[in-house]
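Summary of the model geometry
Below, each chain spelled out in residue letters.
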Amino acid sequence: MTATIDTSPRRRGRSVRKALVPWLFLAPGLLLALVFKFLPMGKGIWLSFFKVRPFLGDKWVGLDNYGRVLGDHRFQDAVGHTLVLGIGQSVGAIVVGFVLALLLEGQARSLKIMRTAVFLPVVTATAVVGEMWRLLYYPTSDGVINSVLGFFGLGTTQFLDNPDTALWSTMAMGIWIAAPYNMVIILAGLAGVDRSLYEAAAMDGVSLRQRLWYVTYPSIRPALGIVLTLAAIRGLRVFTEVYVLTYGGPAGSTEVWMTRAYTLGFTRNDIGGASAASVVLLCVTLLLTVTVNYLRKRGDVR
């Protein structure tokens, strides 16, 4: 007895409609992404090859904008600050997020409340967080942190007004914002750890450090890979923290990739140079994302 396949037009029409339903739900989001993300991105790539002259007509300059931006010593300094800030924030946020995840793992009601409280910096607007940290860093003895330092007899510190400390002060705020986000992802990885492995390790007298390295780490490696990928992207695109706290100062000591592009575009009216800097950032971000994902998958295979 052979089965027959219904290939009638009505059956094909139902299949087509069924296939179109997901796209109908995705259509509003795709339309918004097209209008507010991909079209501006394409326009920015196009403008990077022109000297933008409002009311006079844009002049084709080819790769001159790229050469001029990459040869700018202030842009080179900004790239260096971006790397220091990005690496410091990424490593610090991963370590702090991992520690928070270990401390707040569990099903107790009190732990759920604590996790919610710890996660608040992620859902709070970065501009609001930045203003709060500006108050904490207030440079006189009335400032919150300086008051604590004064209690221990250490004196006041110019956190944001000193070129030697401004970048590290910005990094501390970035870690405070990003660590709870990493904590949630790592908690998801910890939920999949086989508890019997902990019991067996405890019976064998395995130390805490060995349990973390040989039991916990292999189980949460996929989650850490995701955290590392997101941290790499976030580190290169840091902007709001720096802009709110220091505006790139003092003396350019905290100027990063994005703030330099912002200055070129909106302060110096160099739209072509700003577009070129943004396109280079896009390419570096894509390359870094692909590299991190490749290394992560290669590690998972091993």
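The following paragraphs examine the structure supplied in this document. (Residues numbered from 1 in each chain as written. Predicted model: local features only at pLDDT ≥ 70, side-chain atom pairs only at ≥ 80, totals over all residues. Heavy atoms only, no water.)

1. Some details on the overall build of the protein
Along the backbone of the protein there are 12 helices and 2 strands. Written out in order from the N terminus, the α and β elements of the protein read α-β-β-α-α-α-α-α-α-α-α-α-α-α. In terms of overall size, the protein is more extended than a compact globule, its C-alpha atoms giving a radius of gyration of 25 Å where 302 residues would be expected to give roughly 19 Å. For the protein, the spread of C-alpha atoms along the principal axes amounts to about 85 × 70 × 35 Å. (Helix = DSSP H or I, 4+ residues; strand = E, 2+ residues; numbered from the N terminus. Rg over C-alpha atoms; globule rule 2.2 N^0.38 Å.)

2. Some remarks on a nonpolar patch on the surface
On the surface, a cluster of nonpolar side chains totalling about 860 Å² of accessible area is made up of Leu-31, Leu-32, Leu-34, Val-35, Phe-36, Phe-38, Leu-39, Met-41 and Ile-45. Locating Phe-38 in the fold gives a position in helix H1 (residues 9-47). Since its relative accessible area comes to 46%, Phe-38 is described here as partly exposed. (Patch = residues over 30% accessible without salt bridge, like charges linked within 9 Å, V, L, I, M, F, W, Y side chains within 5 Å. Areas by Shrake-Rupley, 256 points an atom, 1.4 Å probe, with all protein chains shown as cover. Salt bridge = Lys/Arg side-chain N within 4 Å of Asp/Glu carboxyl O. Buried < 20%, exposed > 50% of the residue type's maximum accessible area, 1.4 Å probe, protein only.)

3. Here we look at the pattern of salt bridges
Considering all chains together, one arrives at 5 salt bridges under this definition. Here Arg-74 ties to Glu-255 by a salt bridge, and the two come within 3.3 Å at their closest N and O atoms. In this pair, Arg-74 is assigned in helix H3 (residues 73-103) and Glu-255 in the loop between helix H10 (240-245) and helix H11 (257-266), connecting sequence segments 181 residues apart. For Arg-74, a relative accessible area of 38% puts it in the partly exposed group. Relative accessible area serves as the criterion here: at 6%, Glu-255 is assigned to the buried category. Two residues, Arg-260 and Glu-255, come together in a salt bridge whose shortest N-O distance is 3.9 Å. The pair formed by Arg-260 and Glu-255 is uniform in burial state, with each residue classed as buried. One salt-bridge network, held together by shared partners, links Asp-72, Arg-74, Glu-255 and Arg-260.

4. Remarks on the side chain of Asn-65
Positionally, Asn-65 belongs in helix H2 (residues 64-70). At 2.7 Å, the side chain of Asn-65 and the side chain of Arg-68 are in polar contact. Once you skip the residues sitting within four places of it in the chain, Asn-65 turns out to touch Leu-47, Ser-48, Phe-49, Phe-50, Lys-51, Gly-272, Gly-273 and Ala-276. (Polar contact = N/O pair within 3.5 Å; in protein donor to acceptor, adjacent residues only side chain to side chain. Contact = heavy atoms within 4.5 Å.)

5. A closer look at the packing of aromatic side chains
Counted under the stated rule, the structure contains 14 aromatic pairs. Summarising the aromatic geometry, the rings of Tyr-137 and Phe-159 are spaced 5.0 Å apart at their centres and angled 35° between planes, so their arrangement reads as tilted. You can see Tyr-137 sitting in the loop between helix H5 (126-136) and helix H6 (144-151) and its partner Phe-159 sitting in the loop between H6 and helix H7 (166-190), a full 22 residues away along the chain. Just as Tyr-137 is buried, Phe-159 falls in that class too. (Phe/Tyr/Trp six-rings, centres within 6.5 Å; stacked < 30°, edge-to-face > 60°.)

6. Overview of H11
In terms of residue burial, H11 counts as a mostly covered element, since 7 of its 10 residues are buried. Along H11, the residues classified as buried are Trp-257, Thr-259, Arg-260, Ala-261, Thr-263, Leu-264 and Gly-265.

7. A few points about unusual backbone geometry
Note the cis peptide between Gly-249 and Pro-250, where omega equals -5°. One can find Pro-250 in the loop between H10 and H11. One non-glycine residue, Ala-251, adopts positive backbone phi at about 55°. With phi around 55°, Asn-269 is a residue other than glycine that occupies positive phi space. Along the chain, the position of Asn-269 falls in the loop between H11 and helix H12 (271-301).

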